[in-house]
Amino acid sequence: MSYKERKIGDTLLKVEDISLSFGGVKALSHVSFDIKEHEIRAIIGPNGAGKSSMLNVINGFYHPQEGLITYKGQVRRQMRPHQAAKQGIARTFQNIALFKGMSTLDNIMTGRLLRMRRNVFWQALYFGPAVKEELEHREAVEKIIDFLEIQAIRKTPVGRLPYGLQKRVELGRALAMEPELLLLDEPMAGMNVEEKEDMCRFILDLNDEFGTTIALIEHDMGVVMDLSDRVVVLDYGQLLADGTADEVRNNQDVIDAYLGVSHGDDESLEGAA
Amino acid sequence: MEMLFFLETVISGLLTGVMYSLVAIGFVLIFKASGVFNFAQGVLALFAGLTLVGLMETFGLPPWLAIIATIGVMIALAWLIELLILRHLVNQEQIILFMATLGLAYILEGFGDIIWGSDVKVLDIGLPQGASDFLLDGYGLYVERLEVVAAVIATALVIVLAIFFQKTRIGRALRAVADDHQAALSIGISLRTIWITVWSVAGIVALVAGVMWGSKSGIQFSLSLIALKALPVLILGGFTSIPGAIVGGLIIGVGEKVAEVYLGPFVGGAIENWFAYMLALVFLMFRPQGLFGEKIIERV
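Residues numbered from 1 in each chain as written. Chains lettered and ligands numbered in written order. Predicted model: local features only at pLDDT ≥ 70, side-chain atom pairs only at ≥ 80, totals over all residues. Heavy atoms only, no water.

## Focus: the domain arrangement of chain A
Buried accessible area, meaning the area lost when the parts come together, often serves as the stated size of an interface. Residues and elements named next belong to chain A. Our working rule: Residue ranges assigned to each domain were obtained from an automatic or database domain assignment. Throughout, a residue-residue contact means that at least one pair of heavy atoms, one from each residue, lies within 4.5 Å. What counts as buried area is the accessible surface, traced by a 1.4 Å probe, that two parts surrender upon association, with contributions from both included. One side-chain nitrogen of Lys or Arg within 4 Å of one carboxyl oxygen of Asp or Glu is enough to make a salt bridge.
Split into domains, chain A comes out as domain 1 (1–88 + 180–197 + 212–273) and domain 2 (96–178). Taken together, the contacts link 12 residues of domain 1 with nine residues of domain 2. Both sides of the domain 1 and domain 2 interface together cover about 720 Å² of buried area, and 69% of this is carbon and sulfur. Taken together, the connections running from domain 1 to domain 2 amount to zero salt bridges.

## Looking at the pattern of salt bridges
Basically, it comes down to this: Here a helix means four or more residues in a row that DSSP labels H or I, a strand means two or more in a row labelled E, and each is numbered from the N terminus. Three labels apply to residues, based on accessible area from a 1.4 Å probe with only protein chains included: buried if under 20% of the type maximum, exposed if over 50%, partly exposed otherwise in between.
This model, assessed by the stated rule, comprises 21 salt bridges over all chains. We note a salt bridge from Glu 142 of chain A to Arg 138 of chain A, for which the minimum N-O separation is 3.2 Å. Of the two residues, Glu 142 of chain A and Arg 138 of chain A both sit in helix H6 (residues 129–147), four residues apart, roughly one turn of that helix. Assessed through its relative accessible area of 18%, Glu 142 of chain A is described here as buried. Judged by its relative accessible area of 32%, Arg 138 of chain A falls in the partly exposed class. For Asp 119 of chain B, the salt bridge is made with Lys 121 of chain B, and the minimal N-O distance between the two is 3.9 Å. Looking at Lys 121 of chain B, the relative accessible area reads 8%, which means it is buried. Residues joined in a network through salt bridges with shared partners are Asp 34, Lys 36, Glu 39, Arg 41, Arg 230 and Asp 242 of chain A.

## Some details on the interface of chain B and chain A
Heads up, the rule is: Polar contact is defined as a pair of N or O atoms within 3.5 Å, subject to the rule that within protein one atom must be able to donate a hydrogen and the other to accept it, and that residues adjacent in sequence are counted only when both atoms are side-chain atoms. Classes in brief: Ala, Val, Leu, Ile, Met, Phe, Trp, Tyr, Cys and Pro nonpolar; Asp, Glu, Lys and Arg charged; the others, Gly included, polar.
Between chain B and chain A, the contact holds 23 residues from the first and 36 residues from the second. Summed over both sides, the interface between chain B and chain A buries roughly 2700 Å², with carbon and sulfur atoms accounting for 63% of that surface. In terms of surface lost to chain A, no three residues of chain B exceed Arg 169, Arg 172 and Ile 187 of chain B, which account for 29% of the buried area on that side. At the boundary of chain B and chain A, one finds zero residue pairs in polar contact (both at pLDDT 80 or more). Those elements that provide at least two residues to the side of chain B that touches chain A are helix H6 (145–167), helix H7 (169–179) and helix H8 (181–186) of chain B. In terms of residues, the side of chain B that touches chain A owes the most to one element, H7 of chain B, which gives seven residues. Tallied by class, residues from the side of chain B that touches chain A come to 11 nonpolar, five polar and seven charged.

## Description of the confidence of the model for chain A
Our working definition: For every residue, the pLDDT score states the predictor's confidence, bounded by 0 at the bottom and 100 at the top.
Looking at chain A as a whole, its pLDDT mean stands at 84, while 87% of the residues score no less than 70. In this model, residues 263–273 of chain A is a region of pLDDT below 50 whose contacts with residues beyond four sequence positions or in other chains number eight contacts.

## Things to note about H6 of chain B
Here is the rule we go by: By this rule, a helix spans an expected 1.5 Å times one less than how many residues it contains.
Over its 23 residues, H6 of chain B runs 33 Å from end to end, which matches the ideal 33 Å to within 8%, given 1.5 Å per residue. Those residues of H6 of chain B that fall on the buried side of the exposure criterion are Leu 146, Glu 147, Ala 150, Ala 151, Ala 154, Leu 157, Val 158, Leu 161, Phe 164 and Phe 165 of chain B.

## Description of the environment of Arg 192 of chain B
All names here are of chain B. Here Arg 192 is to be found in helix H9 (residues 191–217). As for Arg 192 and Ile 170, which are separated by 22 residues in sequence, their C-alpha atoms are 13 Å apart. Beyond its immediate stretch of four places on either side in the chain, Arg 192 contacts Trp 79, Glu 82 and Arg 87. A distance of 3.3 Å separates polar atoms of two side chains, one belonging to Arg 192 and the other to Glu 82.

## What to know about unusual backbone geometry
Residue and element names in this part refer to chain A. The backbone phi angle of His 38 is positive, close to 70°, even though this residue is not glycine. A positive phi angle, near 45°, is found at Tyr 236, a position not held by glycine. On the secondary structure map, Tyr 236 appears in the loop between strand E9 (230–235) and strand E10 (238–244). Its relative accessible area of 70% is what places Tyr 236 among the exposed residues.

## Side note on the sheet that holds strand E4 (residues 66–71) of chain A
All names here are of chain A. Put simply, the rule reads: Note on pairing: DSSP must find at least two bridges between two strands before they are called paired. Between the N-to-C directions of two axes lies an angle of 0 to 180 degrees, each axis being a line fitted to C-alpha atoms and, for a helix, fitted only over the stretch in contact.
Spatial strand order, E2-E1-E4-E5: four strands in an open sheet with antiparallel pairing. Whereas interior strands pair on both sides, the edge strands pair on one side only; in this sheet they are strand E2 (25–36) and strand E5 (74–76). Between one strand axis and the next, the sheet turns by 15° as a mean value, whatever way the strands run. Across eight bridges, the pairing between strand E1 (residues 11–22) and E2 is antiparallel. Note on E2: the bridge partner recorded for Leu 20 is Leu 28. Sheet strands touched by helix H2 (residues 51–58): E1, E2, E4 and E5. Its angle to E1, the strand with the most contacts, is close to 115°.

Structure, rendered in structure tokens:
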């Protein structure tokens, strides 16, 4: 993994002292960590630890009551989701959020919407520069389709696809945005071993080839240990540990809190590594 | 002679159908962008008509200026609807949004009443009235001029809308928003912009519908009830299709006229009142997504 050490750059995103509550329920309290350029950052923790809330804070679905977010050197308190998207943050969802009535191709094309800059009236006339633009975007989308190996389902309405493929299309739509920061919320949940391996390969490849920075939530410890450069551990909305996969794995707090003190779990952790 | 009469019936049906289509298109727009049946669409037409007449009568504006001002009012209204209602209902169940439009319908109706009064108003923006001489003299065919004008305007409107929504990125964004709010936000679509755009366009379509119906039979409360006639049109054409709304409107327009004239005598008349709904019921049984609607796919 040494080649990765070279690639990792400056801090891309930093969250400081983030607190978020819904009514009386504290989802996150005083969480701080950072994500560096080109790295794969995992966020782990038991159910209800606040992992998805954290992603939702980063891309603007939730607005934290306290804390600061610094993205690309700009400090912000909160942001609307579509603004986050404009600034290069793309994401996938835990419960797939695709446009079910549209085909795979159209779904991925929607990821290009922000990049279509031609005047609406040129587009309406489908004339001159607008035609060229549409073709360019189509080309970019075809590349993504090739990359994710989903050529066969190009025209299929995504509502008809099996779960694993839907996850892949959702990743494709996020990639179409050519994001700088990609947030993946349990990209491998509900997949079989083969599908998981494919997904891992895609994540590593796109990090390698395009240098995309990735923050992902995942429950499969084997996957987390294989993929990530650094790991954040959350528990009950608080930061429990932050470090490389090895550091986190050997952290006694993490072993106790995240895996429970049962020794059975402990073994599975070793096995996964 | 018999043939000529049939032709007159069909043409008159077609032209009524154009009116239905106009109202139905307003529904389709909002349904496409928010997956919601906008109960207030009929009232929007009433409100637009009332505002137009009010501006002309109260301030003595010439028709063209009043129309531009009314368009401004409809856009402001769209902005207000987003600000006060839609914004707070993001990610809610569709039934909740539907109930909100129901509330909106009554608020608008009352609001229009308070400002412009509740009596029937005559709308005259100088559209031609009476029989079309050319057809009457040349072919002995009686066709209302106003209805011909309505058909021409509706056709132009439909062409502009179709181009706007099918060929531009707004069209794709619209479908995205209709499908999944959260996902649409995550790819950078501003719900606000889309909703204001769509409600503005729906408001302008309502204005056109209001002007056409109003020129024919005056601006009155019953205008808001044409919403109910649009429902079977939508079931026929499919809730998501603008061409569907047009074809559906025409079929129902012609169908009810022809049925009234040729079947009416045998069943005691008044077929016009229920024919559309019966046709819709038949369609619901055999083709629930309508003629042009998207197939409903649900994975279990």
